[in-house]
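Residue-level structural notes
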Amino acid sequence: MASLPLGLTNALQFASGYPLYIALILAVWAYVGIVLQLGPGLWWQEALVSGLVTGWIVGNIPLGLTVGATLTLLSLGLWTYGGATIPDFQTGSIVGTAIGALSHGSFAVGLAVAIPTALFMTQMDVIGRAVTTFFIHGADRYAAEGNEHGVAAMHLLGQIPWGLTRAIPVFLAVWLGAGPIQSAIKFLPSWFTNGMTTTGMILPALGFAILLTMLPVRRYWPFLLIGFVLFAYLKVSIIGIAIVAVAIGFLMDMLRTRREVHV
Amino acid sequence: MSEQQIENGQVATATREIVALDRTTVLRAMLRHLITLQWSWNYERMQALGYLYSMLPVINKVYKTREERITAMKRHLVFYNTNPQVGSPPIFGATVALEAQREGDAVDSLKVGLMGPLAGIGDTIQAILFRPIIGVFAASLALGGSIIGPFLMILSGIFWTVLMVPLFFFGYRQGTGIVTEVAESGRVARITDVATIMGMVVIGGFIPSIMSKVQTPLKFVRTVTVQGQVHTQTVAIQSILDQIVPYIIPVAFVFFAYWLLRGLKLSPVWVMIILFVVGFVLAAVGAL
């Protein structure tokens, strides 16, 4: 990976933790990422994107990519249905990559930090969603007065609780937390590194399992088998499988509509 | 009294004054909806305030008196929530057209009537079909060290954002007609069904391909006697497994996690903790 650009800084130069400006940049990035997810929905909050950008800022893009990719595979079936709170893999990816980059333990450290962070951040998500309620009550008042500018301001300010509930934890974790956490885990026992690496490999099973719980597996399980056989036995590439999937999807539709016509 | 003539979804006939919206107003409303819809998302009324904010340019154009504007603003401050990128643009487009015809009641019933069905369609397509497939592609590229992975995610976000523009104008041109378009439930069910089948075929292939590195290094030694001579052989368990069913270990892990979620009704967090324990134990004994 030596050919990849190192990035804005090199984390390994900060022996005892990150300086203020790195923490600020990452906090701003977290704020922008979540607000642009709310609208227009740019996917900058995705763990992979956050991992890449954080990796670039702290000078370890490969780490950002692996942490981001592992978190993405873990979150395959997760979606904020109707405003549900899910683990915050955006913040997890930022903090995990930043702290992992400080340490030579890299991926094991990154994942060990990223996952608890993502889980803890569900609390912050609930706070962000709840505090914004004040703004809609403000909007009620302004609307009753016929003050359109007030209503507009309430809406535009609504992003602040959302952004700050991400930016503040990122700032604190990177500025104050990174040094102590990193020195605490400086000498990682090999069983820990091996365990984290192995767990990182099997965690996608959870992503797939969550996804399967949202699909009609009992009714449509043969289609899973078709995809499996295409890859495992026939060695078809994923693009090839996707093309077959399109064909099967429309074939099933043809068969079904045909039956309806004849009956 | 023109107000009494309004029935849900019916076009008013008599004294209603229809305001022709200029292009700038329509575009401003569309962009406000596209860029900021969920910025003030909250537990109480979710996307309501974002909807009102987006509608403000239209309200200002259509309603001349302050009282009318207050009434219109209050109407939009009720609960509203749907899929923001696939569901909301056509609804918003249709209601912009209706608001210009001063069809307040029709606007309200259209929002309430369509936000549920369109949330279902939008979430199915985005969360079950599109994001998992792109996510797996992107993640496997990234695990290989390629920054194309994250850029695939960025392109996806841009794709869904750009798609909001035609979806808005679709709704804007349809007006109330959008209800009949969506209400043809057979069609919606067909689209989601085809999407689900495609998703399942691809996921069936993704499970072994993404988790192909999950293999056991375990070996055992056996002695065989060939023509009276005793040989010792080292046999890798993985190669035996591959002869029976390839990728059996990844599949077993997915089944295990699925069983914990579905069978034992554990939350994803507990399943993750269990997988951590299993991963550490298997790594410690050298089985994975």
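Residues numbered from 1 in each chain as written. Chains lettered and ligands numbered in written order. Predicted model: local features only at pLDDT ≥ 70, side-chain atom pairs only at ≥ 80, totals over all residues.

1. Considering the packing of helix α2 (residues 47–58) of chain A against helix α3 (residues 61–74) of chain A
Residues and elements named next belong to chain A. Where α2 contacts α3, the axes come no closer than 7 Å and their chain directions differ by 165°. As far as their axial angle goes, α3 and α2 are roughly antiparallel. The way α2 lies across α3 gives a crossing that is right-handed. Of α3, the residues touching α2 (which contributes A47, L48, S50, G51, L52, T54, G55 and W56) are I61, L63, G64, L65, V67, G68, A69, L71 and T72. By residue class, the composition of the contact of α2 with α3 is 10 nonpolar, 7 polar and no charged. (Axes fitted to C-alpha atoms, helices over the stretch in contact; angles between N-to-C directions. Helix = DSSP H or I, 4+ residues; strand = E, 2+ residues; numbered from the N terminus. Parallel < 35°, antiparallel > 145°, perpendicular 65-115°, else oblique. Left-handed = near helix turned anticlockwise from the far one by under 90°. Contact = placed C-beta atoms within 7 Å. Nonpolar A, V, L, I, M, F, W, Y, C, P; charged D, E, K, R; others polar.)

2. Considerations on the domain arrangement of chain B
Domain annotation for chain B reports domain 1 (2–208) and domain 2 (211–284). Relative placement of domain 1 of chain B and domain 2 of chain B: their C-alpha centres are 47 Å apart. (Domains from an automatic or database assignment.)

3. Focus on unusual backbone geometry
The peptide bond linking G39 of chain A to P40 of chain A adopts the cis configuration, its omega dihedral lying at 0°. Examined against the element boundaries, P40 of chain A turns out to sit in the loop between α1 (20–38) and α2. With a phi close to 60°, Y247 of chain B is a non-glycine residue in the positive phi region. With respect to the helices and strands, Y247 of chain B occurs in the loop between α9 (237–244) and α10 (248–263).

4. Focus: the pairing of strand β2 (residues 229–236) of chain B
Residues and elements named next belong to chain B. The element β2 is barely covered by neighbouring structure, given that only 0 of its 8 residues are classed as buried. In this structure, strand β1 (residues 219–226) lies alongside β2, joined through 8 bridges in antiparallel fashion. Of the residues in β2, the one forming a bridge with R222 is Q233. Counting the residues in the hairpin turn of β1 and β2 gives 2 residues, including Q227, whose phi is positive at 50°. (Buried ≥ 20, exposed ≤ 12 C-beta atoms within 10 Å, placed from the backbone. Pairing = 2+ DSSP bridges.)

5. Observations regarding the interface of chain B and chain A
Between chain B and chain A, the contact holds 90 residues from the first and 88 residues from the second. Counting residues per element, the ones that place at least two in the side of chain B that touches chain A are α1 (23–36), α2 (48–62), α3 (66–76), α5 (104–143), α6 (148–174), α8 (185–210), α10 and α11 (268–284) of chain B. Per element, the largest residue contribution to the side of chain B that touches chain A is 16 residues, and it comes from α8 of chain B. Taken together, the residues that form the side of chain B that touches chain A break down as 61 nonpolar, 20 polar and 9 charged.

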